[in-house]
Amino acid sequence: VVPPQSQDESYLDGFVTMPLPTDESSPTSLPDLTMALVDGLSQILTDEDDDLGGGRDLDAIISVAGGWEGDPTLPPPNADELDRLEGAREYATTIERMMSKNLYPLLA
């Protein structure tokens, strides 16, 4: 993923590049992504030296990728402990897949 080219920058008031994973075996951590996004947006929104006379308003955060996946089926109320744990694993796996589709990509 690359930032916008210089000829495209005039269409953007700001661009925040999110950190990429150091290797393909593990994604960038949620705390690192959150800190990068907060820091980048803070710099864009409070830049007193810009030509707009002191900061900008946030119009949108756009993800260059995305996806949706429904929740897995809940275990029945009378499920045993193993079924409840497997249900929790399925939910966690779904959340990880959704984070990889919607949060981990580069944000603009």
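My aim in this report is to walk through the structure given alongside it, one point at a time. (Residues numbered from 1 in each chain as written. Predicted model: local features only at pLDDT ≥ 70, side-chain atom pairs only at ≥ 80, totals over all residues. Heavy atoms only, no water.)

### Overview of the overall build of the protein chain
Looking only at helices and strands, the protein chain has 2 helices and 0 strands in total. Residues classed as buried in the protein chain amount to 19% of the 108 residues present. Looking at the protein chain alone, contacts between residues at least 24 apart form 58% of all its contacts between residues at least 6 apart. When the accessible area of the protein chain is evaluated, it comes to approximately 8200 Å², of which 55% is carbon and sulfur surface. (Helix = DSSP H or I, 4+ residues; strand = E, 2+ residues; numbered from the N terminus. Buried < 20%, exposed > 50% of the residue type's maximum accessible area, 1.4 Å probe, protein only. Contact = heavy atoms within 4.5 Å. Areas by Shrake-Rupley, 256 points an atom, 1.4 Å probe, with all protein chains shown as cover.)

### Side note on the pattern of salt bridges
According to the stated counting rule, one finds 1 salt bridge in the structure shown. Notably, a salt bridge pairs Glu86 with Arg89, separated by 3.6 Å at the nearest N-O pair. Taken together, the positions of Glu86 and Arg89, both in helix α2 (residues 81-102) and 3 residues apart, correspond to about one turn of that helix. (Salt bridge = Lys/Arg side-chain N within 4 Å of Asp/Glu carboxyl O.)

### Side note on the environment of Lys101
The residue Lys101 is located in helix α2 in this model. Taking the relative accessible area as the measure of exposure, Lys101 reaches 32% and is therefore partly exposed. Sequence-wise, Lys101 and Trp68 are 33 residues apart; in three dimensions their C-alpha atoms are separated by 8.0 Å.

### Description of the environment of Pro76
Turning to its location among the elements, Pro76 is positioned in the loop between α1 (30-45) and α2. Distance in space between the C-alpha atoms of Pro76 and Gly87 is 9.9 Å, their sequence separation being 11 residues.

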